[in-house]
Amino acid sequence: MMDIKLGSKITELRKAKKMTQEQLADLLGVSAPAVSKWETDSSYPDITMLCPLARVLGTDVDTLLAYEETLSEEKQGLYMTEVIEMVRNGNGEEAEGRLEQLLHSYPSTVSLKFSAIAVFSLLEMNSAPDDNEGLAVDRERWKSRRKELAEAIYKSGESAFYLPAVSLLVSLELADGNLDRAEELLKQTLVNTADFTLQWVQLYQKKGQSDKALGTVQRNLYKLVSDMRTCLMVMLGNDMKFDRERTLEICKIFQSQEELFGVGGGTGAGVIAEVYLRLGMGQKALDCLEEFTDRLTEGLNLPNQVLFYPEFSPEKVQLKASREMAKTILAGLEKDDSLEELRGEERFQAVLGKLRDFC
């Protein structure tokens, strides 16, 4: 699907040259009705006619065919909204086809590849939970495409998307058991650890751009807090094999960090619920699940505005969890064997009901 139909483009360029259809036809040695059919998209010029047509209209073939080597941010936003709506409406096959068409049409647009990775993940999240053979094939294809796109972004070296692409590739390689490749990728990131926050701040201050200086500090602080949050979540994982007392102490630190900085939107309660379940503290786990569900369905907490305003103000931060995320969490709660002891609890059923209503 081209952004501008060929007929419309011919009409636009012809009128810009102040030519009639008859004059254009005479210059090309064709009939006026033929030009009329081109402009109404009733028929198309023969391929041998494209170069002469482009020359007469003062353009090149790429422009004539509305070919764009890269995609503008505005158009990309419109296209991705279109594709995501297809997914949400249950038209996964149509969405995938449209996405592949866009990737083929704009092969050098790295940001489109990055967005496409998210769409392939969304397709999996919205796929039926049945373990049928067809779905398994689809999921393998989506995973393969995510890996191909991440590899392409990684090789492009595009700074804005390089590290996220490496992170995804490492995760996929680890999942596939390709440990040497994962290690190789991780070593590549070691050269990207320099932090120039202070220098950027000094530059902006000397230029009198205090708002940009503050924004730089706030973005870096947010990233550092997010990284600290991730580390604490890893420490709370069962693989760390800490004793009960130490695990509960880390839980307190994790909760305090979330309350202090507000990074994570309040969804850390879901992490703590898993820990409490593992430790046999069912009622405390339910408390956390209720809090977690409130955050998903009623609105995420804002980052601490004393520290993060205006860079992470209400106008700039998405305060509502997506229904796709809620669907995935609901499916997990309904199937997770570790929650069996809670299924008879009225509060647990209320949590499920609230998520179903939200989805």
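Residues numbered from 1 in each chain as written. Predicted model: local features only at pLDDT ≥ 70, side-chain atom pairs only at ≥ 80, totals over all residues. Heavy atoms only, no water.

Asker: Sorry, what's going on with the pattern of salt bridges here?
Answerer: Pairing between side chains of opposite charge can happen when the charged atoms of each approach one another. Under the counting rule described, the total for this entry stands at 24 salt bridges. One salt bridge connects arginine 88 with glutamate 85, and the closest N-O pair in it is separated by 3.8 Å. On the criterion of helical spacing, the pair formed by arginine 88 and glutamate 85 is a turn pair, its members being 3 residues apart in helix H6 (residues 73-88). Residue class for glutamate 85 comes out partly exposed when judged on its relative accessible area of 36%. One salt bridge in this structure joins aspartate 176 and lysine 147, with 3.4 Å as the shortest N-O distance. Placement of aspartate 176 in the loop between helix H10 (159-175) and helix H11 (179-188) and of lysine 147 in helix H9 (residues 133-156) is noted, with a sequence separation of 29 residues between them. Via salt bridges that share partners, Lys143, Lys147, Glu151, Glu173, Asp176, Arg181 and Glu184 belong to a single interconnected network. (Salt bridge = Lys/Arg side-chain N within 4 Å of Asp/Glu carboxyl O. Helix = DSSP H or I, 4+ residues; strand = E, 2+ residues; numbered from the N terminus. Buried < 20%, exposed > 50% of the residue type's maximum accessible area, 1.4 Å probe, protein only.)

Asker: Looking at this structure, how should I read the packing of helix H7 (residues 92-105) against helix H8 (residues 110-125)?
Answerer: Between two packed helices, what matters for the description is the angle formed by their axes and the separation of those axes. Running from N to C, H7 and H8 cross one another at 165 degrees; their axes reach a closest spacing of 11 Å. With respect to each other, H7 and H8 are oriented roughly antiparallel. Between H7 and H8 lies a crossing of left-handed hand. Residue-level inspection shows Gly92, Glu96, Leu99, Glu100, Leu102 and Leu103 of H7 in contact with H8, the latter providing Leu112, Lys113, Ala116, Val119, Phe120 and Leu123. Its residues assigned to classes, the contact of H7 with H8 shows 8 nonpolar, 1 polar and 3 charged. (Axes fitted to C-alpha atoms, helices over the stretch in contact; angles between N-to-C directions. Parallel < 35°, antiparallel > 145°, perpendicular 65-115°, else oblique. Left-handed = near helix turned anticlockwise from the far one by under 90°. Contact = heavy atoms within 4.5 Å. Nonpolar A, V, L, I, M, F, W, Y, C, P; charged D, E, K, R; others polar.)

Asker: Looking at this structure, I do not really get unusual backbone geometry. What am I missing?
Answerer: Excluding glycine, residues mostly have negative phi values, and the peptide bonds linking residues are mostly trans. That bond from tyrosine 309 to proline 310 is cis: its omega, 10 degrees, falls within 30 degrees of zero. Within the secondary structure, proline 310 is located in the loop between helix H17 (305-308) and helix H18 (323-335). In the Ramachandran plot, aspartate 41 falls in the positive-phi region, its phi being about 60 degrees despite a non-glycine side chain. Structurally, aspartate 41 can be placed in the loop between helix H3 (32-39) and helix H4 (50-56). One non-glycine residue with positive phi stands out, namely lysine 241, at about 55 degrees. With respect to the element layout, lysine 241 can be found in the loop between helix H13 (210-235) and helix H14 (244-261). With a relative accessible area of 65%, lysine 241 lands in the exposed category.

Asker: So what exactly am I meant to see when it comes to the packing of H13 against H14 here?
Answerer: Between H13 and H14, the shortest axis-to-axis distance is 10 Å and the interhelical angle comes to 160 degrees. Here H14 runs roughly antiparallel to H13, going by the angle between their axes. Every pair of crossing elements has a handedness; the one defined by H13 and H14 is left-handed. Here Val225, Met228, Arg229, Leu232, Met233 and Met235 of H13 lie close against H14, whose contacting residues are Ile250, Ile253, Phe254, Gln257, Glu258 and Phe261. Residue composition of the contact of H13 with H14, grouped by class: 9 nonpolar, 1 polar and 2 charged.

Treat this as a map of the structure, not an account of what it does.
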